[in-house]
Amino acid sequence: MKNIKNEEEALLQREYIAKMKAVTEKKEKELGRKMRYHIETLGCQMNAKDSEKLAGILRDIGYEECEDESLADFVLYNTCTVRENANLKVYGRLGHLNSVKKRTNPNMKIAICGCMMQEPDEVATVRTKYSFINIVFGTHNIFKLAELMYRLETEDRMIVDVWEGTEEIVEDLPAERKYKFKSGVNIMYGCNNFCSYCIVPYVRGRERSRDPEDILSEIRELAKEGVKEVMLLGQNVNSYGKTLPEPMSFAALLREVEKIDGIERIRFMTSHPKDLSDELIETMKDSEKICRHFHLPLQSGSDRILTLMNRHYDRAKYLEIVRKLREAVPDISLTTDIIVGFPGETEEDFTDTLDLVREVRFDSAFTFIYSKRTGTPAAKMDDQVPEDVVKDRFDRLLSEVQRIGQEMSGRDEGKVLPVLVEDVNRQDKHMLTGRLSNNTVVHFRGTEDLIGQIVDVRLSEAHGFYYIGELV
Ligand code: SAH
Ligand code: SF4
Ligand code: F3S
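Residues numbered from 1 in each chain as written. Chains lettered and ligands numbered in written order. Predicted model: local features only at pLDDT ≥ 70, side-chain atom pairs only at ≥ 80, totals over all residues. Heavy atoms only, no water.

1. Considerations on unusual backbone geometry
Okay, so step 1: Residue T270 is reached from M269 by a cis peptide bond, and omega for that bond is 0°.
Okay, so step 2: Positive phi is not limited to glycine here, since R361 has a value of about 60°.
Okay, so step 3: Unlike most non-glycine residues, N439 shows phi in positive territory, near 85°.
Okay, so step 4: Position of N439 among the secondary structure elements: in the loop between β16 (431-435) and β17 (441-445). (Helix = DSSP H or I, 4+ residues; strand = E, 2+ residues; numbered from the N terminus.)

The structure is reproduced here in structure tokens:
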């Protein structure tokens, strides 16, 4: 069922795109060249996908992409706020950008959007200390970029438009894909889990699943355009479809995606252990297209900490899922996220995490130092762990994760496996770079015309986290 309001909004935005296009054409004539944009994407796959939508709007109003931000007419920072250091980095870079603008590019327009701008304190900081910024918007209204740019032309002051939340999912607007052969596809927005350390539910709003027909027709369209690999995106894909008028499980959605001709690889991100169903594991087992990779964030191996984190699973449940996944899909690669130094974490809790890491033997893991996010329940908890203790634990965890990762890698040496070719190797232009189904990188000799194809490669030499191979 289509929401009429969304269609109206999409139409309205197309009008703004047309209006801005006329403005752009005028500027082009004055300058004797195309207008240029640069988008800097920080944060997760969700933000990367949003940036593609923003780039699509900019393309449709006549801008072309420019790698060097100092030469761009329109610079947009799409921000992340999941950890404090991400925010500090943004402010550092904005200060630098302003000095570039003053020195060499006075007509540059600067915009900032994304998760950081959903925090009222950050918007206040931008208003007072970064008043050179021209447009500020959030995560819920990215589809309005052309309208906001048009307002800037006519109002000539800082345009701030941040929505607290939204029910709407505006479909059918342009997007500029970074790769021709693979694409992220949003299946849901927001998050309802409220893990006690996490700011995402506050900046991305409540969980909303997209209508399956909208998702499937988008993927069919992508397949027609030559896309071979899709990555289904959501903060907790395992709870997909629960709130739809006609509920549908994530596994059922996967089975529908599997039927689409032309799509050869299906990935998804991210899975929360608490909602992971046996149906999903069965679906993966039977699938020819779902990739042999599972990213399953652990966060902690201590039951006590997992409860404080509000994660709704314990180490036994986590290990049980790992066992079932490996039984169903023996060659699966497992990766995870772990937080060190959650408030009240004792040496014993930390040892539980280390033990679990040793037991599971992850192929790789992203390890994070706990970052206090104002407004989350964990920020108010006593016993924040001293910095030097956290640093020491972090180093111990990292070396364990790397040691195990090294041992796990290379287990396919000598095999011939399909590789999706992604790029020419940056260091050696006679070499190509691609990925196995389990997400491991492979470098091998070949020509550029193979980019976007799936080819068989013999994995001759294992080198830690990648292989050197030969086309067969
Ligand atoms: N929705 C995903 C995670 C998105 S955030 C999930 O639930 O798995 C990506 C990762 O950032 C998380 O898995 C967590 O490990 C880390 N993270 C989130 N908040 C954090 C914080 N306050 N401090 C440190 N790491 C954090
Ligand atoms: Fe954050 Fe938890 Fe939601 Fe993931 S599931 S985005 S960690 S609140
Ligand atoms: Fe960051 Fe927002 Fe993603 S806070 S991790 S960019 S959802």
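2. Observations concerning the sheet that holds strand β11 (residues 265-269)
Each strand in a sheet pairs with its neighbour through backbone hydrogen bonds, running either in the same direction (parallel) or in the opposite one (antiparallel).
Okay, so step 1: Sheet architecture is open: three strands sit in the order β7-β10-β11, paired in parallel fashion. Lying at the two open borders of the sheet, with one neighbouring strand each, are β7 (182-186) and β11. Going from strand to strand, the sheet's axes swing by 25° on average, the running direction of each strand aside.
Okay, so step 2: In the sheet, strand β10 (residues 229-233) pairs with β11 via five bridges, with the strands oriented parallel. Looking at the pairing, L233 lines up with M269 of β11. (Pairing = 2+ DSSP bridges. Axes fitted to C-alpha atoms, helices over the stretch in contact; angles between N-to-C directions.)

3. Things to note about helix α7 (residues 212-224)
Okay, so step 1: The end-to-end C-alpha distance of α7, which contains 13 residues, comes to 18 Å, matching closely the 18 Å that a straight helix rising 1.5 Å per residue would cover.
Okay, so step 2: When we look at burial in α7, the residues that qualify are P212, D214, I215, L216, I219, L222 and A223.
Okay, so step 3: For α7, the secondary structure elements touched by its buried residues are β7, β10 and α8 (250-258).
Okay, so step 4: Capping the start of α7 is the job of one residue whose side-chain oxygen sits 2.8 Å from the backbone nitrogen of E213: D211.
Okay, so step 5: Following α7 by one or two positions, G226 has its phi on the positive side, about 105°. (Expected span 1.5 Å × (residues − 1). Buried < 20%, exposed > 50% of the residue type's maximum accessible area, 1.4 Å probe, protein only. Contact = heavy atoms within 4.5 Å. Polar contact = N/O pair within 3.5 Å; in protein donor to acceptor, adjacent residues only side chain to side chain.)

4. What about the pairing of strand β4 (residues 109-114)?
Okay, so step 1: In terms of residue burial, β4 counts as a mostly covered element, since five of its six residues are buried.
Okay, so step 2: Handedness of the strand β3 (residues 74-79)-helix α3 (residues 84-104)-β4 crossover: right-handed.
Okay, so step 3: With two bridges connecting them, β4 and strand β5 (residues 135-137) associate as parallel partners. Within the sheet, the bridge partner assigned to A111 lies in β5 and is I135. (Right-handed = clockwise from strand over helix to strand, strands pointing away.)

5. Comments concerning the site of ligand 3
Okay, so step 1: Taken together, G43, C44, N47, C80, T81, V82, C115, R204 and Q235 make up all the residues around ligand 3.
Okay, so step 2: Residue composition of the shell around ligand 3, grouped by class: four nonpolar, four polar and one charged. (Near = heavy atom within 4 Å. Nonpolar A, V, L, I, M, F, W, Y, C, P; charged D, E, K, R; others polar.)

6. With respect to the sheet that holds β16
Okay, so step 1: Read once around its circumference, the closed barrel built from five strands follows the order β15-β16-β17-β19-β18, with strand pairing classed as mixed. Across the sheet, the mean angle from the axis of one strand to that of its neighbour is 50°, orientation sign disregarded.
Okay, so step 2: As defined by bridge partners, strand β15 (residues 416-424) adjoins β16 across four bridges and the pair is classed as antiparallel. Residue L420 lies in a different strand from β16, and its bridge partner there is R435.

7. Some points on the layout of surface pockets
Okay, so step 1: The space that makes up the second largest pocket amounts to roughly 800 Å³.
Okay, so step 2: Taken together, 34 residues make up the lining of the second largest pocket; nearest its centre are K53, V170, D172, L173 and E218.
Okay, so step 3: Secondary structure elements with two or more residues in the lining of the second largest pocket: α2 (45-60) and α7.
Okay, so step 4: Of the residues assigned to the lining of the second largest pocket, the class counts are 10 nonpolar, seven polar and 17 charged. (1 Å grid on protein atoms, 1.4 Å probe; cavity = no way out; pocket = protein on both sides within 12 Å on 5 of 7 lines; lining within 4 Å. Points joined across faces, edges and corners; volume = space filled by probe spheres on them.)

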